[in-house]
Amino acid sequence: MAVLNPNGQYINGHASTTTTSSIPNGHPTKDTLNGNFDRHQIVDEEKKFTQDLNAQIKEWGLLDAGFNYNLVAVFGSQSTGKSTLLNRLFGTNFDVMQNNKRQQTTKGIWMCRGHDMNVMVMDVEGTDGRERGEDQDFERKSALFSLASSEVMIVNLWEHQVGLYQGANMGLLKTVFEVNLGLFGKKAQDGTSGRTLILFVVRDYAGETPFDNLTTSLKDDLDRIWESLVKPAELKDVKLGDYFDLDFTHLPHKIHQPERFEQEVQVLRSRFVDRSREDFLFKPLYHKRIPADGVSFYMSNIWEQVQSNKDLDLPTQQELLAQFRCDEIAAVALSEFNEQAKSQKRPVEAGNVVPGLGGLMHNWRQGALERYNQDASRYNQAVYKRKQAELLNTIDATLSPLFLGQLKNLHKQRLGAFKKALQDGLKGEEYNYADVVKKARSDCIETFSEAAQEACIEGPHWSWQEELELLEEEIKGVADQFRKDETKKMVSLIERTFKKAISEPVEVALTKASTKMWDIVLRTFKERLQKAEASYLNKAISFNCTEEENTHSIAALRKRTWLALREKINEQTGETAILGKLRAHFEERFRYDEQGTPRVWQPEDDIDGAFKKARDETMDLIPRYAKIETQDPDLSFELPSDEDSPLSEEAFDFEESLIVLSETKSLEITNKFKKESDAYFVEAKRSTVVGIAQIPTWMYGLLLILGWNEAMFVLFNPLYLAMMLILGAGGYIILQLGLAGPVYQVARTVGGEVQRQVSSKLREHFTDEAMIQQQQQYRPQAARNGTSTSTDDGDDAWREELNQKHM
Ligand SMILES: Nc1nc2c(ncn2[C@@H]2O[C@H](COP(=O)(O)OP(=O)(O)OP(=O)(O)O)[C@@H](O)[C@H]2O)c(=O)[nH]1
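As the structure is a computational prediction, the values presented were derived from the model and not from experiment.

Overview of the overall build of the chain
A count of helices and strands for the chain gives 24 helices and 9 strands. For the chain, the proportion of its 807 residues judged to be buried stands at 43%. Long-range contacts, defined as pairs at least 24 residues apart, comprise 75% of the intrachain contacts of the chain with a sequence gap of at least 6. Approximately 44,600 Å² of the chain is accessible, and the part contributed by carbon and sulfur atoms is 53%.

Here is the structure:
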């Protein structure tokens, strides 16, 4: 038979003085001598649920018990003999307070298997202990946990606590009922987790007050608190009896009536053990229907729900007051702060940089904080600190947009200043790009950093580094753009200088049209290009251009200079220009002799030969002009194809660019030149005819004889005579005044012009006529003879015939 030791613990047939040994939280203890089961702390003081409950249940031999087990918990104020009662009732070995020390014994929640019975007993830390003081969190959570997980919850209280609100834990029960209803109310209604029996055990019952009165008082209190519960809408009509059964019992004073106490305890024990009793307490309807091997998981889940439930975090009166007052004080401080902050909101939003904004923000924040601290610091410290943190959060949330706005405006302002500094620095010719950019950049970063630093205030962790990085990136972008523009400008300048430099040499070379013409042109081009490249590279150093950019720019420069050269060549080889050059070349050879004297053609001169020679020589120039070809291979020049040159904007074929005159164009120019040269030939021929047709001397004698009568008529006619005298006097005056020369010149010029106009009209008329007639006459004949195979030969034959006629 099980026997109780002096501590109220059962021993298996042996009287033993061995007490349980305490072992740190969570670790099972074992009373090996009396054979009682180990107890196990399932929730520690830090509110952590054990990991080892399953192993412990196994050790208790209950893991395979299925539903054949019961769960009981105790609830009540600290040091009201809860552990003592449990040890007596169930033969557990929970710690009991030493009589000489009045202090908390049970910390957290412990569990132990009952002696000789399949009962898991939970001993719960007492409520209202001075150790936890105002902190009611754990007692609420542990009470809710016990209520939700056990079949029978023993509410342990002294007789004198009955009728008290706090003393009888009614306030606590109210909270626990309320949360229990919210969390597990529906489940319990479904009938899935069973009802719970709440057993009130009135300790140290003296018997003076009838127990029924105490029972009624307790029931009334419970009904009252149940009515005052804030229930979920769907459970608003539920009754206490829908979830809980109530039972009441009492025990006499343990010290004053030890024997009766023991007897009553045994009676109560038998109600837990003897299933045959009517008042058996572990009725099946209270069972939660969780198999024993699932108890650990089930309970840890309940604890997790209880732990995470916010409704249990109810404040104390002190806290409530502190919350109310701190909120009020914070609101006042905040409204003053908001007024101050509002003053700078608009300028910042308008994009202005507010000077000294950091200082202003710091003062507003500090002012609000001091105002709050001054009044609020007297209240509950936890609440005061929490509300202070909330106040600071609100303040910082208001200041943060100002800070960010200031940074954004600063960024914009500094970037603008950077651009301006570059524009100013890059004016004129005498600047070093790298130096200008370096200075503008460092000025910009420095001023931004200073102002951003100023805008930061102590407290909130604001950072301006990201904005600075952004600014640096944009600065780089702007500098790159400037550099590209500058590089372009420089390349254009070099190109202009290049164009100027090649203009004259190319013009001279192309006018001369020597066999070395292209060699001269290409040599000049290459020399100038070399100078241009050197000039670019020299400047590019100060532009901090990358190797790649230099390669591209040089490629662009080469192409552009080549195109400039081609433009110059085109200008010099346009149809009019080239015909002019050919004409000049031809005239030089046909109209002037070897000494450079103008030729006066005599009938005996070989005009045909000279003409043919001059024309052939001139025509030889056309193919020379047609293609850029150097004789010296060292002077040849090449450009990369378009695919390799990313800078080229339009398709460019270098080989094609070497062709100056296409074949069609060459033919066209040849034909035009021939026509022009033919005119020279005719003119030469005519000049010999004019020479032949001079007036003979006898014609003058004949003119005198025939004109004698007219001369006499003039002499003897007074009118003609007067006219002659006037003319003579005029001539005399002119001679006297020395105006003979000018008058002669005027007369000569007028006369010459008239003569030129008349003779050119006559020549045009006669030449066209003669040529048309001669060609018409000659060509059919030549065709008949089959002697003409080309236009040249035909022209020559016609010219020969024309020649004979003039002879
Ligand atoms: N007057 C009286 N004292 C008792 C009774 N039962 C136990 N005590 C004494 O009350 C003191 C506290 O006993 P515990 O069993 O440790 O009380 P408890 O409620 O478990 O204490 P905590 O776990 O710390 O909350 C001990 O000194 C016990 O000897 C009783 O029925 N009447």
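A few points about the nonpolar core
Core analysis: the biggest nonpolar cluster contains 60 residues, and Phe177 and Met299 have the highest contact counts within it. Examining the composition of this core, we find that 7 residues originate from one element, helix H4 (residues 170-190), more than from any other. Aside from chain neighbours lying at most four places away, what touches Phe177 is Leu147, Ile198, Leu222, Ile225, Trp226, Leu229, Leu240 and Phe244.

Description of the environment of Gln465
Note on placement: Gln465 falls in helix H12 (residues 465-512). Assessed through its relative accessible area of 38%, Gln465 is described here as partly exposed. Residues Gln465 and Ala452, spaced 13 residues apart in sequence, show a C-alpha to C-alpha distance of 9.0 Å.

Topic: the packing of aromatic side chains
What the rule picks out here adds up to 28 aromatic pairs. Ring centres of Phe586 and Tyr680 lie 5.7 Å apart, and the angle between their planes is 55 degrees; on these two criteria the pair is classed as tilted. Of this pair, Phe586 sits in helix H15 (residues 575-590) while Tyr680 sits in helix H19 (residues 663-692); the two residues are 94 residues apart in sequence, bridging distant segments of the chain. Across the pair, exposure class does not vary: Phe586 and Tyr680 are buried alike. Aromatic side chains Phe637 and Phe654 sit 6.1 Å apart centroid to centroid with 70 degrees between the ring planes, which places their arrangement in the edge-to-face category. Here Phe637 is found in the loop between helix H17 (621-626) and helix H18 (654-657), whereas its partner Phe654 is found in helix H18, with 17 residues between them in sequence. Judged on exposure class, the residue Phe637 and its partner Phe654 are both buried.

Here's the deal with a negative patch on the surface
A cluster of like negative charges, contributed by Glu466, Glu469, Glu473 and Glu474, occupies part of the molecular surface. When you line up the elements, Glu466 lands in helix H12. By relative accessible area, Glu466 is classed as exposed at 64%.

Structural notes on unusual backbone geometry
With the exception of glycine, most residues fall at negative phi, and the peptide bonds are largely trans. The phi torsion at Asp116 lies on the positive side, around 60 degrees, for a residue other than glycine. Counting through the fold element by element, Asp116 comes out in the loop between strand S5 (109-113) and strand S6 (119-124).

Examining a nonpolar patch on the surface
Residues Val746, Val750, Val754, Val758, Leu762 and Phe766 make up a contiguous nonpolar surface patch of roughly 540 Å² in combined accessible area. Relative to the assigned elements, Leu762 resides in helix H23 (residues 740-785).

Description of the sheet that holds strand S4 (residues 70-76)
Ordered in space as S3-S5-S6-S4-S7-S8-S9, the 7 strands form an open sheet in which the pairing is mixed. Strands at the two margins of the open sheet, each flanked by one partner only, are strand S3 (39-43) and strand S9 (244-250). The mean angle between the axes of side-by-side strands here comes to 25 degrees, regardless of whether they run parallel or antiparallel. The sheet contact formed by S4 and strand S7 (residues 152-158) spans 5 bridges and is parallel. Counterpart to Val74 in the pairing with S7 is Ile154.

Let's talk about the side chain of Glu159
Along the chain, Glu159 falls in the loop between S7 and H4. The buried charged residue Glu159 lacks any salt bridge partner; its closest oppositely charged side chain belongs to Arg260, at an N-O distance of 11 Å. The residues contacting Glu159, other than those within four sequence positions of it, are Val202, Arg203, Asp204, Tyr205, Ala206, Gly207, Thr209 and Leu214.

Structural notes on the pattern of salt bridges
Using the criterion set out here, one finds 36 salt bridges in the structure. A salt bridge links Glu328 to Arg325; the shortest N-O distance between them is 2.4 Å. One end of the pair, Glu328, and the other, Arg325, are both in helix H8 (residues 317-349), 3 residues apart, so they sit about a helical turn from each other. With a shortest N-O distance of 3.8 Å, Arg591 and Glu683 are connected by a salt bridge. Taken as a pair, Arg591 in the loop between H15 and helix H16 (607-619) and Glu683 in helix H19 lie far apart in primary sequence, 92 residues in all. Taken together, the shared-partner salt bridges in this structure form one network comprising Asp247, Arg271, Arg277 and Asp279.

Thoughts on helix H3 (residues 137-149)
For H3, with 13 residues, the first-to-last C-alpha span of 18 Å sits near the 18 Å given by 1.5 Å per residue. Counted residue by residue, H3 has 13 buried out of 13 residues, so it is predominantly covered.

Details of the pairing of S7
Of all 7 residues in S7, 6 are buried, a share of seventy percent or more. Judged from the 7 bridges that link them, S7 and strand S8 (residues 196-203) form a sheet pairing that is parallel. Bridging from a neighbouring strand, Ile154 pairs with Leu199 of S8.

Some details on the packing of H12 against helix H13 (residues 517-542)
Contact pair H12 / H13: the axes reach a minimum separation of 9 Å and the direction vectors enclose 160 degrees. Relative to H13, H12 is oriented roughly antiparallel. The way H12 lies across H13 gives a crossing that is right-handed. In terms of residue class, the contact of H12 with H13 is made up of 19 nonpolar, 3 polar and 2 charged.

What to know about the pairing of S3
Where a strand is regular, its side chains alternate between the two sheet faces. In terms of residue burial, S3 counts as a mostly covered element, since 5 of its 5 residues are buried. Inspection of the sheet shows S3 paired to S5 by 4 bridges, in the antiparallel sense. By the bridge assignment, Gln41 is partnered in S5 with Trp110.

Some details on the confidence of the model for the chain
Summarising the model, the chain shows a mean pLDDT of 81, and 83% of its residues fall at 70 or more. Note on residues 1-34: pLDDT under 50 across the span, and 77 contacts to partners over four residues away in sequence or across chains. Counted against residues more than four places away or in other chains, residues 644-648, with its pLDDT under 50, gives 6 contacts. For this predicted complex, the interface score ipTM comes out at 0.97, while the overall pTM is 0.44.

Definitions and limits used
Residues numbered from 1 in each chain as written. Predicted model: local features only at pLDDT ≥ 70, side-chain atom pairs only at ≥ 80, totals over all residues. Heavy atoms only, no water. Helix = DSSP H or I, 4+ residues; strand = E, 2+ residues; numbered from the N terminus. Buried < 20%, exposed > 50% of the residue type's maximum accessible area, 1.4 Å probe, protein only. Contact = heavy atoms within 4.5 Å. Areas by Shrake-Rupley, 256 points an atom, 1.4 Å probe, with all protein chains shown as cover. Core = buried A, V, L, I, M, F, W, Y, C linked by side-chain atoms within 4.5 Å. Phe/Tyr/Trp six-rings, centres within 6.5 Å; stacked < 30°, edge-to-face > 60°. Patch = residues over 30% accessible without salt bridge, like charges linked within 9 Å, V, L, I, M, F, W, Y side chains within 5 Å. Salt bridge = Lys/Arg side-chain N within 4 Å of Asp/Glu carboxyl O. Lys, Arg positive; Asp, Glu negative; His and termini not counted. Charge placed at Lys NZ, Arg CZ, Asp CG, Glu CD. Pairing = 2+ DSSP bridges. Axes fitted to C-alpha atoms, helices over the stretch in contact; angles between N-to-C directions. Expected span 1.5 Å × (residues − 1). Parallel < 35°, antiparallel > 145°, perpendicular 65-115°, else oblique. Left-handed = near helix turned anticlockwise from the far one by under 90°. Nonpolar A, V, L, I, M, F, W, Y, C, P; charged D, E, K, R; others polar. pLDDT = per-residue confidence, 0-100.

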